[in-house]
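Listed here are the chains, written in short residue letters.
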Amino acid sequence: MTVCTAVVGCVPEGSIKRAMVKRVLIQCFGFLSSALSSVINYHNIQNRPLNGICVANHTSPIDVLMLMCDNCYSLIGQRHGGFLGVLQRALARASPHIWFERAEAKDRILVAKRLKEHVTDPNNPPILIFPEGTCINNTSVMQFKKGSFEVGGVIYP
């Protein structure tokens, strides 16, 4: 998968690249999900988002795998090392994703700015976010942090 996305990342920006990215990512993620013996059924595909912000619950990186078998999304999340880091860098060459460091205080402002820019460009794919709630003593989750919802644009639950 990383090889395919890296090759597509070399294509000049434009509608041809966007179409190639969508096709390659959906096929690659479909291949990866079949390695897990996944059987995925999508309902109401007419409601599939074309742009804006898509909000989903999140338990593991496999959530992204299942959702990207059906539609091409941009992702927002923390930078990782290891295999996930290699995957993130390959994805970033192919399409507009937003990666950040949690430890960097100034990254929060930059991420909000980049998210707003992403949402206002109609050529960008929808961005998939997994908002985090505030956990109190590992007993309950409080309201989601509002930063991602303040940038404007259409929000798909």
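Please refer to the structure placed before this passage.
Residues numbered from 1 in each chain as written. Predicted model: local features only at pLDDT ≥ 70, side-chain atom pairs only at ≥ 80, totals over all residues. Heavy atoms only, no water.

### Let's talk about the packing of helix H2 (residues 15-35) against helix H4 (residues 82-94)
Line of reasoning, step 1. It is the contact of H2 with H4, at a shortest axis distance of 10 Å, that shows an interaxial angle of 150 degrees. Relative to H4, the element H2 lies roughly antiparallel. Counting all contacts with H2, which are made through Lys17, Val21, Leu25 and Phe29, the residues of H4 involved are Leu91, Arg93 and Ala94.
Line of reasoning, step 2. Its residues assigned to classes, the contact of H2 with H4 shows five nonpolar, no polar and two charged. (Axes fitted to C-alpha atoms, helices over the stretch in contact; angles between N-to-C directions. Helix = DSSP H or I, 4+ residues; strand = E, 2+ residues; numbered from the N terminus. Parallel < 35°, antiparallel > 145°, perpendicular 65-115°, else oblique. Contact = heavy atoms within 4.5 Å. Nonpolar A, V, L, I, M, F, W, Y, C, P; charged D, E, K, R; others polar.)

### Some points on the sheet that holds strand S2 (residues 74-78)
Line of reasoning, step 1. Judged by pairing direction, the sheet is parallel, and its five strands sit side by side in the order S3-S2-S4-S1-S7 without closing on themselves. Every interior strand has two partners, whereas the edge strands, strand S3 (98-100) and strand S7 (155-156), have only one.
Line of reasoning, step 2. Sitting on the sheet, helix H5 (residues 107-120) touches strand S1 (53-55), S2, S3 and strand S4 (127-129), and the angle it makes with S3 is about 175 degrees. (Pairing = 2+ DSSP bridges.)

### Structural notes on H2
Line of reasoning, step 1. Given a rise of 1.5 Å per residue, 21 residues ought to cover 30 Å, and the 31 Å separating the end C-alpha atoms of H2 matches this to within 8%.
Line of reasoning, step 2. Within the span of H2, buried status applies to Lys17, Val21, Val24, Leu25, Cys28, Phe29 and Ser33. Each buried residue of H2 sits inside an arc of 160 degrees when the element is viewed along its axis, so together they form one side. Counted as exposed and oriented over 90 degrees from the buried face of H2: Ser15, Ile16, Arg23, Gln27 and Phe31. (Expected span 1.5 Å × (residues − 1). Buried < 20%, exposed > 50% of the residue type's maximum accessible area, 1.4 Å probe, protein only. Arc of directions from axis to C-beta.)

### Topic: the pattern of salt bridges
Line of reasoning, step 1. The full count for this structure, using the stated rule, is three salt bridges.
Line of reasoning, step 2. With a shortest N-O distance of 2.9 Å, arginine 48 and aspartate 70 are connected by a salt bridge. Placement of the pair is arginine 48 in the loop between H2 and S1 and aspartate 70 in the loop between helix H3 (62-67) and S2, with a sequence separation of 22 residues.
Line of reasoning, step 3. Classification of arginine 48 as partly exposed rests on a relative accessible area of 30%.
Line of reasoning, step 4. With relative accessibility at 19%, the residue aspartate 70 sits in the buried group.
Line of reasoning, step 5. For lysine 113, the salt bridge identified is with glutamate 117, shortest N-O distance 3.9 Å. Pair noted here: lysine 113 and glutamate 117 are both in helix H5, with a separation of four residues, about one helical turn. (Salt bridge = Lys/Arg side-chain N within 4 Å of Asp/Glu carboxyl O.)

### Thoughts on the pairing of S2
Line of reasoning, step 1. Taken across its five residues, S2 has four buried, putting it largely inside the fold.
Line of reasoning, step 2. One ladder, built from two bridges, connects S2 with S4; its direction is parallel. Counted as the bridge partner of leucine 75 is leucine 128 from S4.
Line of reasoning, step 3. Judged from the three bridges that link them, S2 and S3 form a sheet pairing that is parallel.

### Examining the nonpolar core
Line of reasoning, step 1. Val21, Leu25, Phe29, Met68, Leu75, Leu91 and Leu128 are the most contacted members of the largest nonpolar core, which has 21 residues in total.
Line of reasoning, step 2. Taken together, the elements giving at least two residues each to this core come down to H2, H3 and H4.
Line of reasoning, step 3. No other element matches H2, which puts five residues into this core.
Line of reasoning, step 4. If we ignore the near neighbours within four places in the chain, the residues touching valine 21 are Val8, Cys72, Ala94 and Ser95.
Line of reasoning, step 5. Val55, Ile98, Val111 and Leu115 belong to the second-largest nonpolar core, a separate cluster that totals eleven residues. (Core = buried A, V, L, I, M, F, W, Y, C linked by side-chain atoms within 4.5 Å.)

### A short note on the environment of leucine 91
Line of reasoning, step 1. Tracing the sequence through the fold places leucine 91 in helix H4.
Line of reasoning, step 2. Linking leucine 91 and valine 21, residues 70 residues apart in sequence, is a C-alpha distance of 9.4 Å.

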